[in-house]
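If you want the building blocks of each chain, they are given just below.
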Amino acid sequence: MKTIITGDRPTGRLHLGHYFGSLENRVKMQYDYDTYILIADVQALTDNFENPEKVRNNVHELVLDYLAAGIDPKHTHIYIQSYIPEVAELTVYFSNLVTVSRLYRNPTTKHEVGQKTELFGTEGESITYGFLGYPVSQAADITALDGDIVPVGEDQVPHIEQTREIVRKFNAIYGPTFKEPEAVLSSNPRIKGLDGNDKMGKSLGNAIYLADDEEAITKKVMGAITDPNKIKKDDPANPEICMVYYYHKLLKNPNLDTVCKECKAGCRGCVACKRELIQLMLAFLKPIQEKRKYYEDHPEEVKKILEEGTEAARIRAKEVMKRVRKNMKLDYFE
Ligand code: SF4
């Protein structure tokens, strides 16, 4: 069985963008692959190092969201990155194999460096060693567990390419040690926000969280961007440029054809259309939230799932590191 490595940074609750962008896929794939989901607390600290409380508190929330969304601990190991010291060790070995200029050339890093420079001033002052080295530690996360497949969004593809480069270089110098992991693009790599933004994100303020209640959902959907040319209730409109329609589609409204036809014909008001979407969203989130509530009420069960997942990842990483140290001639006491 091939191994999938995937994960998230514990910096906030999960939203529909995460669900359709990756979680849905992970839930389906967990039955066919040996699945490891990494809670990337060390990586979260690269830009939250002054706020460890935030990272700590979100670990539990993240696990609740995973379990609520259908991640099954019988088929998936959920583990904490900082409890796998082998990853930190491997990151150090890998850091000799990547030049600083190569890290800067990574298109995703380049984009983020541009954003940070704009926000915080000159490049040197805003970019930490940890931030720049993020793709190197990601390479260690994947290879320390002998990962075959990494499901990713488009923006993460350059990081996986960098992992493959590191693997090739490592194998060329120290002998065959790792396999090259493969990036598998999620079928819905980027989910748009109700505000029309190309991406749903917590930092963009347009996220619909898996744990959102009816009041929060109503407020967000009622503020969604529709076809700006539709002024009156009976104006015909173009659903393809409407975010409400986009979400009707995403949530697989069984009346989608009717929504489309009525919108085009001008016999559907936007308020009614939004109300229908709210009901659809609530129905979609109901089983997820019920499951979340169960685990919220059983924290010991959640702790056990996390401990067992972390133990499984650790056993695997230790085995891989034996191989690494042997090939790097660092196996002094073996
Ligand atoms: Fe969008 Fe519905 Fe209004 Fe058409 S009727 S513009 S699909 S909200």
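Whatever comes next refers back to the structure up there.
First, a word on scope: everything that follows refers to the structure included in this document. All of these numbers come straight from a predicted model, not from anything done at the bench. (Residues numbered from 1 in each chain as written. Predicted model: local features only at pLDDT ≥ 70, side-chain atom pairs only at ≥ 80, totals over all residues. Heavy atoms only, no water.)

### Regarding the overall build of the protein
So, point 1. Along the backbone of the protein there are 15 helices and 5 strands.
So, point 2. Computed over its C-alpha atoms, the radius of gyration of the protein comes to 22 Å, within 12% of the 20 Å expected for a compact globule of 334 residues.
So, point 3. Dimensions of the protein, computed from the C-alpha atoms along their principal axes, are close to 80 × 45 × 35 Å.
So, point 4. Buried positions account for 50% of the 334 residues belonging to the protein.
So, point 5. For the protein, long-range pairs separated by at least 24 residues make up 76% of all intrachain contacts whose partners lie at least 6 apart in sequence.
So, point 6. Total accessible area on the protein is roughly 17000 Å²; 53% of this is exposed by carbon and sulfur atoms.
So, point 7. For the protein, the distance from the average position of its 46 positive side-chain charges to the average position of its 50 negative side-chain charges is 3 Å. (Helix = DSSP H or I, 4+ residues; strand = E, 2+ residues; numbered from the N terminus. Rg over C-alpha atoms; globule rule 2.2 N^0.38 Å. Buried < 20%, exposed > 50% of the residue type's maximum accessible area, 1.4 Å probe, protein only. Contact = heavy atoms within 4.5 Å. Areas by Shrake-Rupley, 256 points an atom, 1.4 Å probe, with all protein chains shown as cover. Lys, Arg positive; Asp, Glu negative; His and termini not counted. Charge placed at Lys NZ, Arg CZ, Asp CG, Glu CD.)

### Re the site of the ligand
So, point 1. Thr226, Asp227, Lys230, Ala237, Cys242, Val244, Tyr245, Cys263, Arg268, Cys270 and Cys273 make up every residue found near the ligand.
So, point 2. At the level of elements, α12 (243-250) and α14 (270-296) are the ones that each hand at least two residues to the shell around the ligand.
So, point 3. Per-class residue counts for the shell around the ligand are 7 nonpolar, 1 polar and 3 charged. (Near = heavy atom within 4 Å. Nonpolar A, V, L, I, M, F, W, Y, C, P; charged D, E, K, R; others polar.)

### Details of the nonpolar core
So, point 1. Core analysis: the biggest nonpolar cluster contains 51 residues, and Leu16, Tyr66, Ile78, Leu210, Tyr247, Leu277 and Met281 have the highest contact counts within it.
So, point 2. Beyond its immediate chain neighbours, meaning those up to four positions away, Tyr66 contacts Gly7, Asp8, Leu14, Leu23, Arg26, Ile37, Leu38, Ile39, Ile71 and Ile78.
So, point 3. The next biggest cluster of nonpolar side chains, apart from the first, holds 32 residues, and it includes Leu38, Val136, Ala144 and Val324. (Core = buried A, V, L, I, M, F, W, Y, C linked by side-chain atoms within 4.5 Å.)

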